[in-house]
Amino acid sequence: MTDIPVITIDGPSGSGKGTLAKVVADTLGWHLLDSGALYRIIGAMSVRRGIQLTDETAVAELAATLAISFADDRVTVAGLDLTDEIRTEDAGENASKVAHLPAVRAAVLDLQRSFRKAPGLVADGRDMGTVVFTDAALKIFLDASAEVRAERRYKQLKNKGLSVSLRGLLEQIQERDARDRGRAIAPLKPADDAIVLDSTSLTIEMVVQQVLSQAQNLGLWQPK
Ligand code: DC
């Protein structure tokens, strides 16, 4: 444990936690850990190397050896740019599958903790507050109904010119939620000391304001 403060932001995909984490990290001038990206990279690299996503030992070995770098909004693994490849629906599915494996989660624990650097870290994921940074100064759990999350994703994909079915997206989200919430190890759930926010009927700006005022109350940040 260190004195370097951490804010954890956990929640299901589509709750807006990625955007929230980025805005909070930028506002405070803190580092950002997108832990979902790590599982997405492990899934993508397993597929590239022909490793079965159910082969726990092989996927964990791969996870322990990947030279991952996040810089200038790009994600690279040993020089290979995976930024766009890890953002597809398939990559999300594969991430959820490898994230289910206990040996894989154990393999990325130290890597995730190595992101804790001064002046502070905002960590976004599913188990940031419950497992990885249990001593975080502020823990947020951001939820939203599956229907609203499917609609948000539908709009994002349509804006990108992709044709998708809203019903298909909703089913995919419900299936992924069940896997992430129901798994035996590090399931998606709020930490006992987390503040639970529901973004179903809140804009991202409203959620950001709530989190910043919590950070201010705790003395983690002062508005300029
Ligand atoms: O946040 P995301 O959609 O990029 O995450 C992709 C998958 O990775 C998600 O289905 C669950 C998994 N994940 C996890 O198990 N633990 C984390 N800390 C982050 C993500």
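In case you missed it, the structure is sitting above this.
Trainee: Pulling in residues and values, what's your account of the sheet that holds strand β7 (residues 138-143)?
Mentor: Strand order in the open sheet formed by five strands is β2-β6-β1-β7-β8, with parallel pairing between adjacent strands. Pairing within the sheet leaves two strands with one partner each, and these edge strands are β2 (31-34) and β8 (195-198). Going from strand to strand, the sheet's axes swing by 20 degrees on average, the running direction of each strand aside. Relative to β7, strand β1 (residues 6-10) is paired through four bridges, and the arrangement is parallel. Note on β7: the bridge partner recorded for Thr-8 is Lys-139. Across the sheet, helix α10 (residues 204-217) lies against β1, β7 and β8, angled at about 165 degrees from β7, the strand it touches most.

Trainee: I'd like a rundown of the site of the ligand, residues and numbers included.
Mentor: The environment of the ligand is made up of 17 residues, and the closest members are Arg-40, Arg-105, Arg-126, Asp-127 and Arg-183. The contact in question runs from a nitrogen atom of the ligand to an N or O atom on the side chain of Asp-127, over 2.9 Å. Within the contact set of the ligand, an oxygen atom lies 3.4 Å away from a side-chain nitrogen or oxygen of Arg-176. For the ligand, the accessible surface in isolation is 450 Å², of which the surrounding protein chains cover 97%. Secondary structure elements with two or more residues in the shell around the ligand: α2 (35-48), α4 (89-99) and α9 (166-182). At four residues, the largest contribution of residues to the shell around the ligand is made by α2. For the shell around the ligand, the residue count by class is four nonpolar, five polar and eight charged.

Trainee: Could you give an account of unusual backbone geometry, naming the residues involved and the relevant values?
Mentor: For the bond running from Ala-118 to Pro-119, omega is 5 degrees, close enough to zero to count as cis. Topologically, Pro-119 is positioned in the loop between α6 (109-113) and β6 (121-125). Phi angles above zero are rare outside glycine, and Asp-73 is one such case at about 65 degrees. Of note, Asp-73 is situated in the loop between β3 (68-71) and β4 (74-77). Given the relative accessible area of 67%, Asp-73 is considered exposed.

Trainee: Please give an account of the sheet that holds β4 that cites residues and values.
Mentor: If you walk across this open sheet you meet the three strands as β3-β4-β5, and the pairing is antiparallel. Looking along the sheet, the strands with just one partner apiece sit at the ends: β3 and β5 (80-81). Examined bridge by bridge, β3 and β4 share four bridges and lie antiparallel to one another. When the bridges of β4 are listed, Ser-69 appears paired with Thr-76.

Trainee: Outline α2, listing residues and values.
Mentor: Its 14 residues place the ends of α2 20 Å apart at the C-alpha level, agreeing with the 20 Å of an ideal helix rising 1.5 Å per residue. Regarding α2, the residues found buried are Ser-35, Ala-37, Leu-38, Tyr-39, Arg-40, Ile-41, Ile-42, Gly-43, Ala-44, Met-45 and Ser-46. Once α2 finishes, Gly-50 follows within two positions and takes phi at roughly 75 degrees, a positive value.

Trainee: Go over the nonpolar core, please, and point to the residues and values.
Mentor: Membership of the largest hydrophobic core comes to 22 residues, with the highest contact counts inside it found for Ile-41, Ile-42, Met-45, Leu-66, Ile-86 and Val-104. For this core, the elements supplying multiple residues, two or more each, are α2, α3 (56-65), β4 and α4. With six residues, the top contributor of residues to this core is α2. Here Leu-66 is in contact with Ile-41, Ile-42, Met-45 and Val-77, once residues within four sequence places are set aside.

The rules behind these values
Residues numbered from 1 in each chain as written. Predicted model: local features only at pLDDT ≥ 70, side-chain atom pairs only at ≥ 80, totals over all residues. Heavy atoms only, no water. Pairing = 2+ DSSP bridges. Helix = DSSP H or I, 4+ residues; strand = E, 2+ residues; numbered from the N terminus. Axes fitted to C-alpha atoms, helices over the stretch in contact; angles between N-to-C directions. Contact = heavy atoms within 4.5 Å. Near = heavy atom within 4 Å. Polar contact = N/O pair within 3.5 Å; in protein donor to acceptor, adjacent residues only side chain to side chain. Areas by Shrake-Rupley, 256 points an atom, 1.4 Å probe, with all protein chains shown as cover. Nonpolar A, V, L, I, M, F, W, Y, C, P; charged D, E, K, R; others polar. Buried < 20%, exposed > 50% of the residue type's maximum accessible area, 1.4 Å probe, protein only. Expected span 1.5 Å × (residues − 1). Core = buried A, V, L, I, M, F, W, Y, C linked by side-chain atoms within 4.5 Å.

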